[in-house]
Amino acid sequence: MTEIDKEAGATARDSEEVGQFIQEDEVTNPLTSERGREKWGNNIEFLFSCIALSVGLGNVWRFPFIALENGGGAFVIPYIIVLLLIGRPIYYLEIIVGQFSSRGCIRAFDMVPGMRGIAYGQVFATTMGTTYYACIMALTLKYLFSSFATKLPWAYCRPEWSSFCFSASDNVTLGGNETSTKRFSSAELFFSKDVLRETESLEDGLGTPSWDLILCLLVAWLIIGIILCKGIRSSGKASYFLALFPYCVMFILLGRALTLPGSWDGIVFFLKPQWKELLNPKVWYNAITQMFFSLAICFGTLIMYASFNDFRKNVHRDVMIITSIDSLTSLLSGCIIFGILGNLAHETQTTDIASVVKGGAGLAFISYPEAIAKFKYLPQLFAVLFFFMLLVLGVGSNVGMVSCVMTVIKDRFPHIPHWKLSAVLSVCGFLCGIVYMTPGGQYILNLIDFFGCSFIALFLAIAELISFAWIYGTKRLCEDIEFMLGIKTGGYWRICWTFITPGLMMGVLLYSLISYTPLTYKGETYPIVYYAFGWLLWAVGVGQVPIWFLYEFRKQSGSSFKTRLLKCLRPSSKWGPSNKKLLEEYIFYRKSLTLNRRK
């Protein structure tokens, strides 16, 4: 028997199995019909929801600082190359899989059932991310409420903070004038001592949570729960505001930044290339990790959002729009931030702009507030606008992540009401988030971000690419796209999916393992028990892959190891469009392709 005959026989068997699945599942699972599964109200809701998901806090404060650390304007070049070779291909791939199957990320792996553990690991990482993302929203709410004070509370020094504090608003020093002693700005001390009440190390434990931050965390989860109470019907409507409002504030802040003395020096400092950095592998590694943060790829959320699309929707155009807007937003945010930091350097008579930058959360909660405090007119207004914008960005991203977890549960238990599921997840998220509200909470946030999200996502991204492009096959994937959209897939997508993107990702993984050093926070190492907990989180996330592979392998019928292995790696009988009519058309389409190959 020839390979073509074998393929034809396999297709016929698949047709019989799928036909039986349609009859059985149509009764038990309402999600197999397009009427049963939710849909976006219109195509714009999907576009805006993806923009709100992708354009988040990572664009506003993570990108500019990462760019500064990696060559300034020179970082933009590898960032754009990474966008074209990794970010955009993976984004399009996940959107295609979600729309074609009309399934959440777990059930989408019916295409390669043995690799379903990838999706479970991604959902685990997404769940970890929702907990600390809500913590950042709580900090934003704290600053937002504080911005309504008669005088911004981070603009002046307090005697109980430090003997060497200088006011962020007028550079008046409280305490001694010794030049050899390091001075701290009131904005920095407000963040560490008043907001976080931060501990110097974890040797004495995490400490007692701050009740004001707990209340802010409660408000954050109330907002998320209300937006998600009706599923995508409510989150889709909210996406108009979540996607558009931040740009209104960004352009207001850009206009204000450009009028500040010294702002152009900051922007030039941000955009001026340092060409020698292009040969540094660390720059390319940081460009790739930033792309994951920025586009929210390989976390299951994009597959989930696309699963609510109409089957024939032309997502190719949307992918080009979303990925372009995301990158342009990062550049826009960089110009705003470094314009303000240029003014900050001018006011403090500092020639080295890099010295006024605080990385990570400090850029959002120290450098920005410090610069806003120096505004001579209406600093409270600009503070309210800025922190409300940060809140909206955080809500947009967190709504997408929680929606991913909700969809996984709804796909398994479709009869649970949205509002009940939203309420339960919000309560669980709130309770888990209390740990971040302790004096040692930022240590835990840093630990969870690295071991529970970033490091897991890197491993699972490679496994996902291998599953979709090598096991399921780029050729069949392109045939599915032609059936769904009626367009041929170009060589750019084929080459990236098959070779370039997984190759670059493997290089990044190898580099991260070779250059690995123990995680620190503000130069402080963690007690050994925390490192053990971090590696345990990583093992739980990545360990889903072999666990679920063994589960699927044991489920398969067959006497030989090879037979059961192949069944784990070929599409299940449930794979295909969820709509009954479209599934029958797809089966016929696959048969016709087989017959054409025989000719």
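What you see is a predicted model, and the numbers here were worked out from it, not measured in a lab.

## Overview of the overall build of the chain
A tally of helices and strands in the chain yields 22 helices and five strands. Taking all 599 residues of the chain together, 59% fall into the buried category. Summarising the internal contacts of the chain: among those between residues at least 6 apart in sequence, 81% fall at separations of at least 24. When the accessible surface of the chain is totalled, it reaches about 24800 Å², and 65% of it is carbon and sulfur.

## Quick notes on the state of the cysteines
Under the counting rule described, the total for this entry stands at one disulfide. Residue pairing for cysteine 157: its cysteine sulfur links by disulfide to cysteine 165, the two sulfurs lying 2.1 Å apart. The disulfide joining cysteine 157 to cysteine 165 has a torsion of about -85° about its S-S bond and is therefore left-handed. Residues cysteine 157 and cysteine 165 agree in their burial class; the two are buried. Note on cysteine 428: no disulfide assigned, nearest cysteine sulfur contributed by cysteine 432 at a separation of 6.6 Å.

## Concerning the packing of aromatic side chains
Within this structure, the stated rule accounts for 53 aromatic pairs. Ring centres of phenylalanine 63 and phenylalanine 270 lie 6.5 Å apart, and the angle between their planes is 80°; this geometry places the pair in the edge-to-face category. Taken as a pair, phenylalanine 63 in helix α3 (residues 57-69) and phenylalanine 270 in helix α10 (residues 263-271) lie far apart in primary sequence, 207 residues in all. Summarising the aromatic geometry, the rings of tyrosine 526 and tyrosine 531 are spaced 5.7 Å apart at their centres and angled 65° between planes, so their arrangement reads as edge-to-face. According to the relative accessible area criterion, tyrosine 526 is buried, its value standing at 5%.

## As for the environment of aspartate 352
With respect to the helices and strands, aspartate 352 occurs in the loop between α13 (315-347) and α14 (361-373). The exposure class of aspartate 352 is partly exposed, given its relative accessible area of 40%. In sequence terms aspartate 352 and glycine 266 are 86 residues apart; their C-alpha atoms lie 9.8 Å from each other.

## Some thoughts on a negative patch on the surface
On the surface, a cluster of negative charge is contributed by Glu200, Glu203, Asp204 and Glu524. Turning to its location among the elements, aspartate 204 is positioned in the loop between α7 (186-195) and α8 (211-227). When its relative accessible area of 77% is taken as the criterion, aspartate 204 is described as exposed.

## What to know about the environment of phenylalanine 166
Relative to the assigned elements, phenylalanine 166 resides in strand β1 (residues 165-166). Residues phenylalanine 166 and leucine 189, spaced 23 residues apart in sequence, show a C-alpha to C-alpha distance of 9.8 Å.

## A closer look at the confidence of the model for the chain
For the chain, per-residue confidence averages 85 on the pLDDT scale, and 89% of positions sit at 70 or higher. Within the chain, the lowest mean pLDDT, 43, falls on helix α1 (residues 3-28), and the highest, 96, falls on helix α19 (residues 528-542). With pLDDT under 50 throughout, residues 1-35 is counted as low confidence; its partners more than four residues away or in other chains account for 51 contacts. For residues 176-180, every residue scores under 50 in pLDDT, and the model assigns this stretch four contacts once sequence neighbours within four places are set aside.

## Considerations on the packing of helix α9 (residues 232-258) against α13
Two packed helices can be described by the angle between their axes and the distance between those axes. As a packed pair, α9 and α13 sit with axes 9 Å apart at the nearest point and diverge in direction by 35°. The chirality of how α9 crosses α13 is left-handed. Residue-level contacts link Tyr247, Met250, Phe251, Leu253, Leu254 and Ala257 of α9 to Ile325, Thr329, Leu332, Ser333, Cys335, Ile336, Gly339 and Ile340 of α13. For the contact of α9 with α13, the residue count by class is eleven nonpolar, three polar and no charged.

## What to know about unusual backbone geometry
Its identity as a non-glycine residue notwithstanding, alanine 296 has a phi of 60°, on the positive side. Looking at alanine 296, the relative accessible area reads 12%, which means it is buried. For cysteine 298, which is not glycine, the phi torsion reads 65° and is therefore positive. Positionally, cysteine 298 belongs in the loop between α11 (281-295) and α12 (301-306).

## Let's talk about helix α17 (residues 441-485)
Between its first and last C-alpha atoms α17 spans 47 Å; for 45 residues at 1.5 Å apiece the expected length is 66 Å, and the helix comes up short by more than 12%. For α17, a buried count of 37 out of 45 residues is recorded, marking the element as mostly surrounded by other parts of the structure. After α17 finishes, the residue glycine 486 shows a positive phi value of roughly 75°.

## Some words on the pattern of salt bridges
Here the structure, examined in full by the defined rule, presents twelve salt bridges. The shortest N-O distance in the salt bridge between aspartate 110 and arginine 103 comes to 3.5 Å. When the shortest N-O distance is used, the salt bridge between lysine 488 and glutamate 482 registers 3.3 Å. Accessibility expressed as a relative area gives 66% for lysine 488, which makes it exposed.

What counts as what
- Residues numbered from 1 in each chain as written.
- Predicted model: local features only at pLDDT ≥ 70, side-chain atom pairs only at ≥ 80, totals over all residues.
- Heavy atoms only, no water.
- Helix = DSSP H or I, 4+ residues; strand = E, 2+ residues; numbered from the N terminus.
- Buried < 20%, exposed > 50% of the residue type's maximum accessible area, 1.4 Å probe, protein only.
- Contact = heavy atoms within 4.5 Å.
- Areas by Shrake-Rupley, 256 points an atom, 1.4 Å probe, with all protein chains shown as cover.
- Disulfide = S-S within 2.5 Å.
- Phe/Tyr/Trp six-rings, centres within 6.5 Å; stacked < 30°, edge-to-face > 60°.
- Patch = residues over 30% accessible without salt bridge, like charges linked within 9 Å, V, L, I, M, F, W, Y side chains within 5 Å.
- Salt bridge = Lys/Arg side-chain N within 4 Å of Asp/Glu carboxyl O.
- Lys, Arg positive; Asp, Glu negative; His and termini not counted.
- Charge placed at Lys NZ, Arg CZ, Asp CG, Glu CD.
- pLDDT = per-residue confidence, 0-100.
- Axes fitted to C-alpha atoms, helices over the stretch in contact; angles between N-to-C directions.
- Left-handed = near helix turned anticlockwise from the far one by under 90°.
- Nonpolar A, V, L, I, M, F, W, Y, C, P; charged D, E, K, R; others polar.
- Expected span 1.5 Å × (residues − 1).

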